[in-house]
Amino acid sequence: MKKIGITGGIGSGKTAVTDYLEELGYTVLDADLMSRALTAPGGKGIPYIRKNFGDQFITAEGGMNRSKMRDLVFRDKSKLELLEKGTTRILVENLASEAEKLEREGCEVLFFAVPLLMEMGKLSWYDSIWLVTASEETRIKRVISRDGVDRGDVLRIIKRQMSEDEKKKLASEVITNDGDLTELRDKINELLKKYHLRDYHEDPDVISKKKSNL
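Overview of the structure. These numbers come from a predicted model, not from an experiment.

### Side note on the nonpolar core
1) Next: Formed by 21 residues in total, the largest nonpolar core has its most connected members in Leu-29, Leu-91, Leu-95, Leu-110, Phe-112 and Val-114.
2) Next: Of all the secondary structure elements, the ones that give two or more residues to this core are α2 (31–38), α5 (77–104), β3 (109–113), α6 (117–120) and β4 (128–133).
3) Next: In terms of residue count, α5 provides more of this core than any other element does, five residues in total.
4) Next: Here Leu-110 is in contact with Met-1, Lys-2, Lys-3, Ile-4, Thr-27, Leu-29, Ala-99 and Leu-102, once residues within four sequence places are set aside.

### A short note on the pattern of salt bridges
1) Next: Summed over the entire model, instances satisfying the criterion amount to 12 salt bridges.
2) Next: Notably, a salt bridge pairs Asp-147 with Arg-146, separated by 2.9 Å at the nearest N-O pair.
3) Next: Residue classification places Arg-146 among the exposed residues on the basis of a relative accessible area of 53%.
4) Next: Among the charged side chains, a salt-bridge network with shared partners connects Arg-139, Glu-164 and Lys-167.

### Here's the deal with helix α10 (residues 181–194)
1) Next: The end-to-end C-alpha distance of α10 is 20 Å, a good match for the 20 Å that 14 residues give at a rise of 1.5 Å each.
2) Next: If you check the start of α10, you find a side-chain oxygen 3.3 Å away from the backbone N of Thr-182, and it comes from Asp-180.

### Overview of the packing of aromatic side chains
1) Next: A full pass over the atoms with the stated rule returns seven aromatic pairs.
2) Next: Relative to Phe-57, the ring of Phe-53 has its centre 5.9 Å away and its plane inclined at 65°; by these criteria the two rings are edge-to-face. Judged on exposure class, the residue Phe-53 and its partner Phe-57 are both buried.
3) Next: Above the face of the Trp-125 ring, Lys-3 is positioned so that its terminal group lies 5.3 Å from the ring centre.

### Some points on the packing of helix α3 (residues 46–53) against α5
The geometry of a pair of packed helices is captured by two quantities: the angle between their axes and the separation between those axes.
1) Next: Close contact between α3 and α5 brings their axes to 9 Å; oriented N to C, the two are set at 150°. The angle between the axes of α3 and α5 places the two elements in the roughly antiparallel class. For the crossing formed where α3 meets α5, the hand is right-handed. Mapping the contact onto sequence places Tyr-48, Ile-49, Asn-52 and Phe-53 in α3 and Lys-79, Leu-82, Leu-83, Lys-85 and Gly-86 in α5.
2) Next: Its residues assigned to classes, the contact of α3 with α5 shows five nonpolar, two polar and two charged.

### A closer look at the packing of helix α7 (residues 136–147) against helix α8 (residues 151–160)
1) Next: For the pair α7 and α8, the least separation of the axes is 10 Å and the interaxial angle reads 125°. Judged by the angle between their axes, α7 and α8 are oblique. The hand of the α7/α8 crossing is right-handed. Counted together, Glu-136, Glu-137, Arg-139, Ile-140, Val-143 and Ile-144 of α7 and Arg-151, Val-154, Leu-155, Ile-158 and Lys-159 of α8 form the full contact between these two elements.

What counts as what
Residues numbered from 1 in each chain as written. Predicted model: local features only at pLDDT ≥ 70, side-chain atom pairs only at ≥ 80, totals over all residues. Heavy atoms only, no water. Core = buried A, V, L, I, M, F, W, Y, C linked by side-chain atoms within 4.5 Å. Buried < 20%, exposed > 50% of the residue type's maximum accessible area, 1.4 Å probe, protein only. Helix = DSSP H or I, 4+ residues; strand = E, 2+ residues; numbered from the N terminus. Contact = heavy atoms within 4.5 Å. Salt bridge = Lys/Arg side-chain N within 4 Å of Asp/Glu carboxyl O. Expected span 1.5 Å × (residues − 1). Polar contact = N/O pair within 3.5 Å; in protein donor to acceptor, adjacent residues only side chain to side chain. Phe/Tyr/Trp six-rings, centres within 6.5 Å; stacked < 30°, edge-to-face > 60°. Lys NZ or Arg CZ within 6 Å of the ring centre and 35° of its normal. Axes fitted to C-alpha atoms, helices over the stretch in contact; angles between N-to-C directions. Parallel < 35°, antiparallel > 145°, perpendicular 65-115°, else oblique. Left-handed = near helix turned anticlockwise from the far one by under 90°. Nonpolar A, V, L, I, M, F, W, Y, C, P; charged D, E, K, R; others polar.

This is the structure in structure tokens:
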């Protein structure tokens, strides 16, 4: 089974990439969705959060109080690192376990959407790592439009993440996403050709032509 990691900083457009891959029929494991499950009521990460942050960060329903935790980690980098330390370990275990299950079921190509893939290490576990990137200004505008937060909050998040230059050095491929969706999809199609992945699903060009005729 080929394992390909998709990563990128906040506002880079990772979701647009993985949405298209899923549209083409590929299987994508989304670390963000897994992470939300870890901190939902009954999630595996709740005991760690309760122990290290206190009951005030747990909602009445038993999940993590996201707004309260977000305010804390925005202000205190050490608290962000503490949160990631506990949840990342469980996340890595879950990703590996799910990948093994899918491989046993016959999955031939598996994409992993992991925002902190570079920071989590284990890069050699992937056959290839595709970095989605965009200019800082583009990323800021996207996040403001998507989340309704202010510019300062977005900049603080960006500055805490690994720099784009560092990520590019570790990536197998760099997908620059400053254009429109059509341009982004064309770049993905080219990578699918380069890695000989189009054999597993219908040709993306054929899908595009079908859609244009609808």
